[in-house]
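Reading the structure
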Amino acid sequence: MKALHFGAGNIGRGFIGKLLSDSGIHVTFADVNDSVIDLLNQQQGYDVKIVSEQESKIEHVAPVDGINSKNSERIIEKFNQVDLVTTAVGPNVLEIISATLADALKARFAAGNKHYLNIIACENMVRGTSYLKEKVRSHLAAEYHTALEQYIGFVDSAVDRIVPPVAPNADNPLLVTVEEFSEWIVDQTQFKGEIPKIAGMELTDNLMAFVERKLFTLNTGHAVTAYLGKLKGHRLVREAIEDEAIKQQVRSVMQESGAVLIRRYGFEQEKHFAYIEKILKRFANPYLPDDVDRVGREPIRKLSMNDRLVKPLLGTIEYGLPHLVLCKAVAAALRYQNENDPQAIELQAFIADNGVQAAIEKYTGLGDREVIRRIIADYQQL
């Protein structure tokens, strides 16, 4: 079996690419970074450093190769040869690559290729693959839509693994560091043809329960740790979560968001709260020097209605549940400043020109007057 994976960065190599290769699938990475692609082609493999709280180990991933994703001819040629396409490019890049995917699918159909192909976007995004399908479909004439539905599976997934950027290793430039924990859950109802057997890929027919569990827990907690840590002058996530006042607020915010999951999906409270404690330990992993600015970047996206702060807050409003710490989390995100982050710059400029209430209404979509007043009060206190 062969796979084409878009995104040869840390997550692509350290998470999805490794799981595929470990299951005997030959992986071709597509990326715009020529130096990484050249190294992949020269070495035909790379190392992954896996770290737990107690130890670290290095595992080798091979064989692999690479293609520059701007080389449309090579991408189209490869599309006609693979059984699986995956991505780890970031939500904002999915739309950019959708035109290339559409051209590749047209060529695949024109060649009479009637083998099933499954596409899985492995992004920090709710139903990211369904979003990608909409964008790909928009680039295809109606004559291709029947073949698209018949032969191409667009499979939504939920992914969870902390892969922080680390300083390049001059002696091993493709080395990537990842935490030991990983979770890749896919919607088994969306596959076309036989479901590939990939160790570490879990199947479910209730994906949204796991998408929201990850979004409301890891993503919510990670972002809040970053925003509160930044406000108190911490540089690393680990430093922030070791601040007992921040740790307690992060635990509380995940308990508030967790109450939504318990009500919505019937999760057992004791097990979910144990899951929260496991995540707190992951944030404190001394071998993962994750920067608060990396985790907190793109605050406008993270403040949107379907993302990690406002979506669980809306759930608490829906079910009449407590949300005091979630309101403070939104306020902390509104306070986030980073001169190297265009979204942070835009957000602070808008607040300076229009006020925080206008920013809440514009970027979060919240309409509950009492909740907005609570966020404004927290913002002023922070």
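Residues numbered from 1 in each chain as written. Predicted model: local features only at pLDDT ≥ 70, side-chain atom pairs only at ≥ 80, totals over all residues. Heavy atoms only, no water.

Remarks on the overall build of the chain
- Summing up its helical and strand segments, the chain has 17 helices and twelve strands in all.
- Relative to a compact globule of 382 residues, whose C-alpha radius of gyration would be 21 Å, the chain shows 21 Å and is just as compact.
- Summarising its shape, the C-alpha atoms of the chain cover approximately 60 × 50 × 45 Å along the three principal directions.
- Within the chain, the proportion of its 382 residues that are buried is 53%. (Helix = DSSP H or I, 4+ residues; strand = E, 2+ residues; numbered from the N terminus. Rg over C-alpha atoms; globule rule 2.2 N^0.38 Å. Buried < 20%, exposed > 50% of the residue type's maximum accessible area, 1.4 Å probe, protein only.)

Topic: the nonpolar core
- In this structure, Leu-334 and Ile-375 are the most contacted members of the largest nonpolar core, which totals 52 residues.
- The leading source of residues in this core is helix H14 (residues 324–334), at nine residues.
- What Ile-375 contacts, discounting residues up to four positions off in sequence, is Leu-313, Cys-327, Val-330, Ala-331, Leu-334, Ile-360 and Leu-366.
- Counting residues in each nonpolar core, the second largest holds 31 residues, with Ala-3, Phe-29, Val-163 and Phe-191 among its members. (Core = buried A, V, L, I, M, F, W, Y, C linked by side-chain atoms within 4.5 Å. Contact = heavy atoms within 4.5 Å.)

Focus: empty space enclosed by the protein
- Applying the stated rule across the entire model yields two cavities of 30 Å³ or more.
- Every residue along the wall of the largest cavity is listed here: Glu-123, Asn-124, Met-125, Val-126, Ser-157, Ala-158, Val-159, Val-211, Lys-214, Leu-215 and Asn-219.
- Of all the secondary-structure elements, those providing two or more residues to the lining of the largest cavity are strand S9 (157–160) and helix H7 (207–231).
- In terms of residue count, H7 provides more of the lining of the largest cavity than any other element does, four residues in total.
- Considering only residue class, the lining of the largest cavity consists of six nonpolar, three polar and two charged.
- Counting residues domain by domain, the lining of the largest cavity receives three or more from each of domain 1 (2–205) and domain 2 (208–381). (1 Å grid on protein atoms, 1.4 Å probe; cavity = no way out; pocket = protein on both sides within 12 Å on 5 of 7 lines; lining within 4 Å. Points joined across faces, edges and corners; volume = space filled by probe spheres on them. Nonpolar A, V, L, I, M, F, W, Y, C, P; charged D, E, K, R; others polar. Domains from an automatic or database assignment.)

So, the side chain of Arg-251
- When you line up the elements, Arg-251 lands in helix H9 (residues 244–265).
- If near-sequence neighbours (up to four positions away) are discounted, Arg-251 is found in contact with Glu-277 and Leu-280.

Observations concerning helix H10 (residues 269–283)
- With 15 residues, H10 extends 21 Å between its outermost C-alpha atoms, agreeing within 8% with the 21 Å of an ideal straight helix rising 1.5 Å per residue.
- Of the residues making up H10, those classed as buried are His-272, Tyr-275, Ile-276, Ile-279, Leu-280, Arg-282 and Phe-283. Around the axis of H10, the buried residues are gathered within 155 degrees of arc, so they sit on the same side. Those residues of H10 that are exposed and aimed more than 90 degrees away from the buried face are Glu-270, Lys-271 and Lys-281.
- Contact partners of the buried residues in H10: S9, strand S10 (176–179), strand S11 (183–187), H7, helix H8 (237–241) and H9. (Expected span 1.5 Å × (residues − 1). Arc of directions from axis to C-beta.)

Re the packing of aromatic side chains
- The final tally for this structure, using the stated rule, is six aromatic pairs.
- Measuring from centroid to centroid gives 5.9 Å for Phe-29 and Tyr-46, while their planes differ by 70 degrees, and the two rings are edge-to-face. Here Tyr-46 lies in strand S3 (residues 46–51) and Phe-29 lies in strand S2 (residues 26–31), a separation of 17 residues in the sequence. Note on accessibility: Phe-29 and Tyr-46 belong to one class, buried.
- Ring centres of Tyr-227 and Tyr-336 lie 5.2 Å apart, and the angle between their planes is 65 degrees; this geometry places the pair in the edge-to-face category. Here the residue Tyr-227 occupies a position in helix H7, and Tyr-336 occupies one in the loop between H14 and helix H15 (342–354), the gap between them amounting to 109 residues. Comparing Tyr-227 with Tyr-336 shows no difference in burial state: the two are buried. (Phe/Tyr/Trp six-rings, centres within 6.5 Å; stacked < 30°, edge-to-face > 60°.)

Quick look at the domain arrangement of the chain
- Its domain assignment divides the chain into domain 1 (2–205) and domain 2 (208–381).
- A C-alpha centroid distance of 28 Å is found between domain 1 and domain 2.
- Opposite the 27 residues of domain 1 that make contact, domain 2 presents 25 residues.
- Across the domain 1 to domain 2 interface the summed buried area is about 2,100 Å²; carbon plus sulfur atoms make up 61%.
- Per-residue buried area on domain 1 facing domain 2 is highest for Glu-53, Val-126 and Ile-162; these three make up 26% of the total on that side.
- Here domain 1 and domain 2 share three salt bridges between them. (Buried area = accessible area lost by both parts, 1.4 Å probe. Salt bridge = Lys/Arg side-chain N within 4 Å of Asp/Glu carboxyl O.)

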